[in-house]
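# A look at the structure
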Amino acid sequence: MSRLVVSAAAAFAPTAPVCEHTTGCITCGDVAIPMNVVRLDEARGLALCADDDGNSETVETDLVAPVAPGDRLLVHAGTAIARLNEEGPDEAR
Amino acid sequence: MKHVDEFRDPELGQALAGEILGLVEPGRHYKFMEVCGGHTHSIYKFGIDDLLPANVELVHGPGCPVCVIPMGRVDDAIALAHEDNVIFTCFGDMLRVPGSDGTLLDAKAEGADIRMVYSPLDALRIAKANPDRDVIFMAIGFETTAPSTALTLKRAKSEGVANFFCMCNHVTIVPPLRALLDSPDLRLDGFIGPGHVSTVVGVRPFEFIPAEYGKPISVAGFEPLDVLHAIHMILTQLKEGRCEVENQYARVVPYEGNPRALQIMSEVFELRPHFEWRGMGFISQSGLKLSKAYADLDAEIRYSVPGVRVADPKACQCGEVLKGVIKPWECKVFGSGCTPERPIGTCMVSSEGACAAYYNYGRFAREREVV
C-alpha cells in the first residue's frame, strides 16, 4: 500500500520520498499489518510474507518462531511481532 | 480481509454506540486518552468520535514516536547524515520533521546521502551492498519497533557486517504515562491502552495506572470496533465502580507480552538516565541506547553529534497537544502556519500525529450534537 504510493511519488520527484498520509505508514509508529507466510528461509530466520493486497516483503520471524507457510502474522517494521490466531494468544499457548 | 473486516461492521458499530450511550451518566463529562498514535489515526479515519455521546471526550496521548522526537535530536541526525562516507537511513516520516535549521529532506537536497527504509532490515541490506561506506539507521519508536531494531543489530553482529551503525531514539511508554498522570494540567477518567506496544510488553506494565492512580485502562486494537469496544469496557468499569487493566485486544496481546522480544531488547539496549521528549521535557529512564555489548554499533559513539537542546518554536503547541491539554485545532498555527505540506510541529508531520489526523480527515467541527 504505502510502498506503491512511495514508488509513484518517487517517479515524479525522485529526491522527495514521502509517506502516505491518508492511510498511514506500514512501518512507522505503532501500525502493524496482517500478513501470510508464503515461503521460509529457516537458516536465516526469515520468511517471505504477503499482505492481503498481494504486496510481499521479507520478514524477521524470530519473535514468533517457529512459523510455517500459511501462518498469519502481525508484521511491524519488517518484524513479525505476534501471531493472529482465532482463539487468541493466551489460549493458543 | 480476515482479522480486519469483522472489526469494521457498521451495524455492530451502531449497536456498540447505542450501548455506550446507555452507559454514560447524563451531566458527567468523561475524558479518555488514547495513548497511541495509531488509535488517533483510527478515530479520525473512521469517524469514531462522531459515534460517541457529546459528554465522552477523547484526548490524544504521546504515542506517536515521530511527534515526540525533539528538535535537538533531528539536528543530531542531520549532523550524522552530513558525515563523510555515510549513508543515513530512516523511516519516511522522519524525513520531514523540522530541526532547528531544516529537515533531513533539506539535508538530502544539500547532498547528504539519506535514504528512506521500511525496516531496519532494509538498512542492513544497504550496508551489505555498500561495504565501503558507513550505513547509519536512525531508530525511532516505542517497544513495538525496538525489537525489530534489536534483531537487526544482532543479525549485523552475527553476520559480521562491520559498517552498520544505529542512532538509537527508541523510547518506552510507561514513563511518559506516569509524567502525564502526575501533571496537574490534565484530568483523565481512563485510558485506551496501546495495542501493539502491548504485544511486546504485555498488559502487566499498565497495572500501575489503576493501582496507583485509580484510572481504568483497556488495551485496544486498531479497528473501529476495537476502539468502540475499549470505550465500552472503560465506561462499564466506571459504572460498576471497578478500576483495572482490561485487554480488549486479547486476540493478539498476551498478558505477559512476548518474552523473546523482551529478552532480545534487554540484551541489545539499556535505559538512558533521561531522554528529552518534545513538549514534555526530560523524562527519567524513558529512552533506550545500545548496551555495552553493542556499543561498537552505536553511531553516537563512532561519530560525535552536537547534542544541543533546542527549544521548540514559540508558535508551536505540540507539547500541549501531546499531553492532551489542547485539541489540535486549538493550536495557534493549526491549518494556517502549520500544515502537512509545511509543518512547524511534529504532530503535523507524522501520519500518526494528532494534528495530521485532524487535518487529513477534516475533523474541524468543534461542537457535536448530542447523539
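Predicted model, so just to flag it, every value in this text is computed and none were measured. (Residues numbered from 1 in each chain as written. Chains lettered and ligands numbered in written order. Predicted model: local features only at pLDDT ≥ 70, side-chain atom pairs only at ≥ 80, totals over all residues. Heavy atoms only, no water.)

## Some details on helix α11 (residues 259-268) of chain B
All names here are of chain B. Within the sequence span of α11, burial applies to A261, I264, M265 and V268. Taken end-on, α11 shows its buried residues confined to a sector of 100°, consistent with a single buried face. Considering only its buried residues, α11 is in contact with α6 (146-158), α8 (195-201), β10 (269-271) and β13 (288-290). Capping the start of α11, N258 holds a side-chain oxygen 3.1 Å from the backbone nitrogen of R260, two or three residues further along. (Buried < 20%, exposed > 50% of the residue type's maximum accessible area, 1.4 Å probe, protein only. Helix = DSSP H or I, 4+ residues; strand = E, 2+ residues; numbered from the N terminus. Arc of directions from axis to C-beta. Contact = heavy atoms within 4.5 Å. Polar contact = N/O pair within 3.5 Å; in protein donor to acceptor, adjacent residues only side chain to side chain.)

## What to know about the pattern of salt bridges
Residues and elements named next belong to chain B. This structure, assessed with the given rule, holds 27 salt bridges over all chains. For E267, the salt bridge identified is with K154, shortest N-O distance 2.8 Å. Here E267 is found in helix α11, whereas its partner K154 is found in helix α6, with 113 residues between them in sequence. What makes K154 partly exposed here is its relative accessible area of 22%. Between D296 and K157 there is a salt bridge, with the nearest N and O atoms lying 3.2 Å from each other. Highlighted residues: D296 in the loop between β13 and α12 (299-302) and K157 in helix α6, separated in sequence by 139 residues. (Salt bridge = Lys/Arg side-chain N within 4 Å of Asp/Glu carboxyl O.)

## Some points on the packing of aromatic side chains
Aromatic ring pairs are reported here in terms of the distance separating the ring centres and the angle at which the planes meet. All names here are of chain B. Counted under the stated rule, the structure contains 6 aromatic pairs over all chains. With centroids separated by 6.2 Å and ring planes inclined at 80°, the aromatic side chains of F222 and Y249 adopt a geometry described as edge-to-face. Here F222, found in the loop between β8 (217-220) and α10 (224-240), pairs with Y249, found in the loop between β9 (245-247) and α11; they are 27 residues apart in sequence, far enough to count as distant. Classification of Y249 by relative accessible area gives buried; the value is 5%. Sitting over the face of the ring of Y294, K157 holds its NZ or CZ atom 5.2 Å from the ring centroid. (Phe/Tyr/Trp six-rings, centres within 6.5 Å; stacked < 30°, edge-to-face > 60°. Lys NZ or Arg CZ within 6 Å of the ring centre and 35° of its normal.)

## Comments concerning the sheet that holds strand β2 (residues 56-63) of chain B
Residue and element names in this part refer to chain B. Sheet architecture is open: 5 strands sit in the order β2-β1-β7-β8-β9, paired in parallel fashion. The open sheet has two edge strands, β2 and β9, and neither has a second partner. The mean inter-strand angle of the sheet, taken between neighbouring strand axes irrespective of direction, is 25°. Across 6 bridges, strand β1 (residues 30-36) lies against β2 in parallel orientation. Bridge pairing in β2 places M33 opposite V59. (Pairing = 2+ DSSP bridges. Axes fitted to C-alpha atoms, helices over the stretch in contact; angles between N-to-C directions.)

## Some thoughts on the pairing of β8 of chain B
Residues and elements named next belong to chain B. Here β8 shows a buried face lined by I217 and V219 and a second buried face lined by S218 and A220. Pairing of strand β7 (residues 190-194) with β8, which is carried by 4 bridges, proceeds in the parallel orientation. Each bridged residue has a counterpart across the sheet, and for P194 the counterpart in β8 is A220. As paired strands, β8 and β9 are joined by 3 bridges and run parallel to one another. Of the residues in β9, the one forming a bridge with S218 is E246. Traced from β8 through α10 to β9, the parallel crossover comes out left-handed. (Right-handed = clockwise from strand over helix to strand, strands pointing away.)

## Some thoughts on the packing of helix α1 (residues 10-23) of chain B against α10 of chain B
Residue and element names in this part refer to chain B. Between α1 and α10, the least distance of the axes is 10 Å, while the angle of their chain directions is 20°. One finds that α1 runs roughly parallel with respect to α10. The hand of the α1/α10 crossing is left-handed. Across the interface between the two elements, L12, G13, L16, E19, I20, G22 and L23 of α1 pack against L225, L228, H229, I231, H232, L235, T236 and K239 of α10. Classifying every residue of the contact of α1 with α10 gives 8 nonpolar, 5 polar and 2 charged. (Parallel < 35°, antiparallel > 145°, perpendicular 65-115°, else oblique. Left-handed = near helix turned anticlockwise from the far one by under 90°. Nonpolar A, V, L, I, M, F, W, Y, C, P; charged D, E, K, R; others polar.)

## Points about the sheet that holds strand β6 (residues 164-170) of chain B
Residue and element names in this part refer to chain B. Taken in spatial order, the 4 strands make up an open sheet running β4-β3-β5-β6, and their pairing is parallel. Both outer strands of the open sheet, β4 (113-116) and β6, are each paired with one neighbouring strand and no more. With direction set aside, neighbouring strand axes in the sheet form an average angle of 20°. Pairing analysis gives 4 bridges linking strand β3 (residues 86-90) to strand β5 (residues 134-141), with the strands arranged parallel. Its bridge partner lying in β5, F88 is registered against I136. Sheet strands in contact with helix α5 (residues 120-129) are β3, β4, β5 and β6, and its direction is about 175° off that of β5.

## Details of the confidence of the model for chain A
Residues and elements named next belong to chain A. Counting all residues, the mean pLDDT for chain A is 70, and 59% of those residues have values of 70 or more. Mean pLDDT values for the elements of chain A range from 32 in helix α1 (residues 2-12) up to 96 in strand β2 (residues 46-50). Segment residues 1-29 is flagged for pLDDT under 50; beyond a separation of four residues in sequence, or across chains, it makes 59 contacts in the model. (pLDDT = per-residue confidence, 0-100.)

## Considering the side chain of R73 of chain B
Within the secondary structure, R73 of chain B sits in helix α3 (residues 71-81). In contact with R73 of chain B, not counting residues within four places along its chain, are M167, C168, N169, R272, F275 and E300 of chain B.

## Topic: the packing of helix α2 (residues 37-45) of chain B against helix α14 (residues 354-361) of chain B
Two packed helices can be described by the angle between their axes and the distance between those axes. Residues and elements named next belong to chain B. It is the contact of α2 with α14, at a shortest axis distance of 9 Å, that shows an interaxial angle of 15°. With respect to α14, the element α2 is oriented roughly parallel. For the pair α2 and α14, the crossing hand works out as right-handed. In this structure, α2 contributes T40, H41, Y44 and K45 to the contact, and α14 contributes A354, A357, Y358 and Y361.

## A look at the state of the cysteines
Residue and element names in this part refer to chain B. According to the stated counting rule, one finds 0 disulfides over all chains in the structure shown. We note that C166 lacks a disulfide partner, and the nearest cysteine sulfur, in C168, lies 5.0 Å from it. C166 gets classed as buried once you look at its relative accessible area, which sits at 0%. (Disulfide = S-S within 2.5 Å.)

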